[in-house]
Amino acid sequence: MARLFSNAVTLSHKFIAEVVCLGDTVIDATVGNGSDTLFLAQLVGATGRVIGFDTQPSALERTGDRLKEVGLRQRVSLIHSGHENLTKHVKEPVKACMFNLGYLPGGEHSIVTLPGTTKAAIEQALTVLERNGLITVVIYTGHTGGTEEAAAVAEVVSKLPQHLWDVAEITFPNRKNHPPYLLTIQRR
Ligand SMILES: C[S@@+](CC[C@H](N)C(=O)[O-])C[C@H]1O[C@@H](n2cnc3c(N)ncnc32)[C@H](O)[C@@H]1O
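Residues numbered from 1 in each chain as written. Predicted model: local features only at pLDDT ≥ 70, side-chain atom pairs only at ≥ 80, totals over all residues. Heavy atoms only, no water.

A. Quick peek at the sheet that holds strand 7 (residues 181–187). Strand order in the open sheet made by the seven strands is 3-2-1-4-5-7-6, with mixed pairing throughout. The strands lining the two open edges of the sheet, one partner per strand, are strand 3 (76–80) and strand 6 (165–170). Direction aside, neighbouring strands of the sheet carry axes that sit 15° apart on average. Note that strand 6 and strand 7 share six bridges and pair antiparallel. Residue pairing across strands places Glu169 opposite Leu183, the latter belonging to strand 7. Along the sheet, helix 6 (residues 146–158) makes contact with strand 5 (129–139), strand 6 and strand 7, crossing strand 7 at roughly 25°. (Pairing = 2+ DSSP bridges. Helix = DSSP H or I, 4+ residues; strand = E, 2+ residues; numbered from the N terminus. Axes fitted to C-alpha atoms, helices over the stretch in contact; angles between N-to-C directions. Contact = heavy atoms within 4.5 Å.)

Below, the structure is given as structure tokens:
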């Protein structure tokens, strides 16, 4: 029997894989090292499209190289812009949008997602999400500003009417050292 609840990122992939089909358009709102982008590019297939955002050119370059190595570069648009500009770049409906907040592991820890821009980005992602579409947010509270960012995300979701949106949160209450947790938002 496989381990069901190993960590928030693995769980986000499981839920995303439940809703995304071949040919879908999806967003990676925080490209970073490109692991989520690569995962999404595989899921949407040759007829699908992934739109990835990051503010760090080096992250986008590395991710572009990773995608090229496995022949998936063509189905991914990598955008050097903050996700708070999401609706400037995304005009079509999307099936999923992944947020993996915080800083890039192995990168510059001062470059981190922030409460105000994360809130704006989630609000914009809600407007382009298709019916049954899913937003996943992996939230970190162990770094400076992380708790404030978690509060900003909580504020957004607390206002979503329950007849339109299913919101869920999976936390890891017996883990030490501020484990990241998963928040999901699905349009009904
Ligand atoms: C935890 S990392 C993402 C990990 C990534 N999904 C992966 O699979 O490796 C967070 C990323 O968010 C990026 N970031 C910070 N502020 C951002 C913003 N306003 N818009 C988009 N990306 C941002 C950082 O540059 C960093 O690469």
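Moving on from the coordinates now.
B. Fine view of the state of the cysteines. With the rule as written, the count across this model stands at zero disulfides. You can see Cys21 has no disulfide; the closest cysteine sulfur is in Cys97, sitting 17 Å from it. On the basis of relative accessibility, which here comes to 40%, the residue Cys21 falls in the partly exposed class. Cys97 gets classed as buried once you look at its relative accessible area, which sits at 0%. (Disulfide = S-S within 2.5 Å. Buried < 20%, exposed > 50% of the residue type's maximum accessible area, 1.4 Å probe, protein only.)

C. Region of interest: the site of the ligand. In the vicinity of the ligand lie 23 residues, with Thr30, Asp36, Asp54, Gln56 and His83 positioned nearest. At 2.9 Å, a backbone N or O of Asn33 approaches an oxygen atom of the ligand. Within the side chain of Gln56, one N or O atom sits 2.8 Å away from an oxygen atom of the ligand. Starting from 600 Å² of accessible surface for the ligand in isolation, the protein chains cover 95%. Secondary-structure elements contributing two or more residues to the shell around the ligand are helix 2 (35–44) and strand 2 (49–54). Of the residues belonging to the shell around the ligand, the class tally is eight nonpolar, 12 polar and three charged. (Near = heavy atom within 4 Å. Polar contact = N/O pair within 3.5 Å; in protein donor to acceptor, adjacent residues only side chain to side chain. Areas by Shrake-Rupley, 256 points an atom, 1.4 Å probe, with all protein chains shown as cover. Nonpolar A, V, L, I, M, F, W, Y, C, P; charged D, E, K, R; others polar.)

D. Spotlight on the layout of surface pockets. A volume near 660 Å³ is recorded for the largest pocket. Lining the largest pocket are 33 residues; nearest its centre among them are Asn100, Leu101, Gly102, Tyr103 and Leu104. Sorting the residues of the lining of the largest pocket by element identifies helix 2 and strand 2 as the ones contributing at least two each. Counted by class, the lining of the largest pocket contains 12 nonpolar, 18 polar and three charged residues. (1 Å grid on protein atoms, 1.4 Å probe; cavity = no way out; pocket = protein on both sides within 12 Å on 5 of 7 lines; lining within 4 Å. Points joined across faces, edges and corners; volume = space filled by probe spheres on them.)

E. Spotlight on a nonpolar patch on the surface. A surface patch of nonpolar side chains, amounting to about 410 Å² of accessible area, comprises Met1, Leu4 and Phe5. Position of Phe5 among the secondary structure elements: in the segment before helix 1 (8–19). (Patch = residues over 30% accessible without salt bridge, like charges linked within 9 Å, V, L, I, M, F, W, Y side chains within 5 Å. Salt bridge = Lys/Arg side-chain N within 4 Å of Asp/Glu carboxyl O.)

F. Looking closely at the nonpolar core. Grouped together as the largest cluster of nonpolar side chains are 29 residues, with contacts concentrated most on Ile27, Phe99, Ile135 and Ile185. Of all the elements in the fold, those that place two or more residues in this core are strand 2, strand 4 (94–100), helix 5 (115–128), strand 5, helix 6 and strand 7. With five residues, the single largest contributor to this core is helix 5. Ignoring any residue separated from it by four or fewer positions in sequence, one finds Phe99 in contact with Ala29, Thr30, His83, Ala121, Ile122, Ala125, Ile135, Thr136, Val137 and Val138. By size, the runner-up hydrophobic cluster in this structure holds 20 residues, among which are Val31, Phe39, Leu67 and Ala96. (Core = buried A, V, L, I, M, F, W, Y, C linked by side-chain atoms within 4.5 Å.)

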